[in-house]
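In case you want the letters, here they are:
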Amino acid sequence: MEHIIENVEILWPKVDRTYRFDNKEKRSVPCTPTEAGAEYRTDFLMDSDTAKGLYGLMLSAYKEARDDDWPEKFDVPFDKQDDGRFRYNAKLKGAYDNEPTRKPLQVDADTNKLPDDFRLTTGSTGNVCVIFIPYHGGVGTGVSLRLKAVQVTELAPEREAQSPFGKVKGFTMKDDNPFVKAAPAKEEPVTDDIFGEEEVEQPKVAKSKKKKAAPKEKGDLSSIVEGWDD
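Residues numbered from 1 in each chain as written. Predicted model: local features only at pLDDT ≥ 70, side-chain atom pairs only at ≥ 80, totals over all residues. Heavy atoms only, no water.

Comments concerning unusual backbone geometry
The following threshold applies: Every helix listed is a DSSP run of H or I at least four residues long, and every strand listed is a run of E at least two residues long, numbered separately from the N terminus.
Although it is not a glycine, Asn7 sits at a positive phi angle of roughly 55 degrees. Topologically, Asn7 is positioned in strand 1 (residues 2-22). Phi angles above zero are rare outside glycine, and Asp97 is one such case at about 55 degrees. Tracing the sequence through the fold places Asp97 in the loop between strand 6 (95-96) and strand 7 (99-100).

And the structure:
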């Protein structure tokens, strides 16, 4: 049974290629389709009405496939978030019986196929096409959503890496960066010297003889000094 979950927020999509979870690195890493744990996957957030409708369809698919030894139903598998929305996921194994699966289709709002290496960003909005796969056994009971295609209606900007560090004393780009160009030295204005380096004799000006003033009396000097304090 195929179904399209409309108008959901895409979270941490891994649809451009297969990924597997690395226990040493504690994160998903790219891998070949035939490696153990390889899969295509995306999580998504949906509102309450969408979640309720999806769960009803999953129950219908389960009851249709249910054997007599299966439980009559299964619990709601979605995780409720603080904002009232529900989180779930859709995925597709990278291979079955060592045969790689067909990569999920990615299209834009006009249903144009996106490039093969297109990387969907978390926080984008879109529609997710899934196939219901009822199951019961060692892994539990329920209905998994096998990822078939994603339609991107709003593409979120790619998130920049956030620094895990706080500010400390030390090297800064402003002070010590050898690649920052220093401000150019201020150049002296250029003038056209038509005389070259030769010294030009300046005309002599006759000095006028000034008469020396008669020395002032001591009383006059003391009055000037007293005036500095005014």
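Overview of the packing of aromatic side chains
In this description, an aromatic ring pair is defined by two values, namely the gap between the centres and the angle between the planes. Counted only if it meets this: When the centres of two rings from Phe, Tyr and Trp lie within 6.5 Å, Trp using its six-membered ring, the rings pair. Their planes under 30 degrees apart give stacked, over 60 give edge-to-face, and anything left gives tilted. Relative accessibility under 20% of the residue-type maximum defines a buried residue, over 50% an exposed one, and the middle range a partly exposed one, all with a 1.4 Å probe and only protein chains included.
Considering all chains together, one arrives at four aromatic pairs under this definition. Note on Tyr62 and Trp70: the rings are 5.5 Å apart at their centroids and 35 degrees apart in plane angle, and the pair reads as tilted. With respect to class, Tyr62 is no different from Trp70; both count as buried. Ring centres of Phe78 and Tyr88 lie 5.1 Å apart, and the angle between their planes is 70 degrees; this geometry places the pair in the edge-to-face category.

Here's the deal with the pattern of salt bridges
Heads up, the condition is: Every case where a carboxyl oxygen of Asp or Glu lies within 4 Å of a side-chain nitrogen of Lys or Arg is listed as a salt bridge.
Across all of its chains, the model carries 10 salt bridges by this definition. With a shortest N-O distance of 2.9 Å, Arg85 and Asp83 are connected by a salt bridge. Among the ionic pairs, Lys103 bridges to Asp116, the shortest N-O distance being 3.3 Å. Placement of the pair is Lys103 in the loop between strand 7 and strand 8 (105-107) and Asp116 in the loop between strand 8 and strand 9 (125-137), with a sequence separation of 13 residues.

What to know about the confidence of the model for the protein
The following threshold applies: Every residue carries a pLDDT, the predictor's confidence in it, which falls somewhere between 0 and 100. Any two residues whose heavy atoms approach within 4.5 Å are treated as being in contact.
Chain-level pLDDT for the protein is 84 on average; 73% of the residues reach the 70-or-more range. Considering only residues more than four positions removed or in separate chains, one finds that residues 193-200, a stretch of pLDDT under 50, has one contact. Across residues 221-230, where pLDDT falls below 50, the model places one contact with residues more than four positions away in sequence or in other chains.

So, the environment of Val128
On the secondary structure map, Val128 appears in strand 9. Note: C-alpha distance between Val128 and Gln106 (22 residues apart in sequence) is 9.6 Å. Discounting chain neighbours no more than four positions away, the residues touching Val128 are His3, Ile4, Ile5, Val8, Ile10, Ala90, Leu147 and Ala149.

Some words on the pairing of strand 5 (residues 86-93)
The condition that has to hold: Strands are treated as partners if at least two bridges between them are detected by DSSP.
Bridge count for strand 3 (residues 39-46) against strand 5 is eight bridges, and the pairing is antiparallel. Within the sheet, the bridge partner assigned to Tyr40 lies in strand 5 and is Leu92. Examined bridge by bridge, strand 4 (residues 79-80) and strand 5 share two bridges and lie antiparallel to one another. Counterpart to Lys80 in the pairing with strand 5 is Phe86. Between strand 4 and strand 5, which pair antiparallel one after the other, the connecting turn spans five residues, and Gly84 there sits at a positive phi close to 95 degrees.

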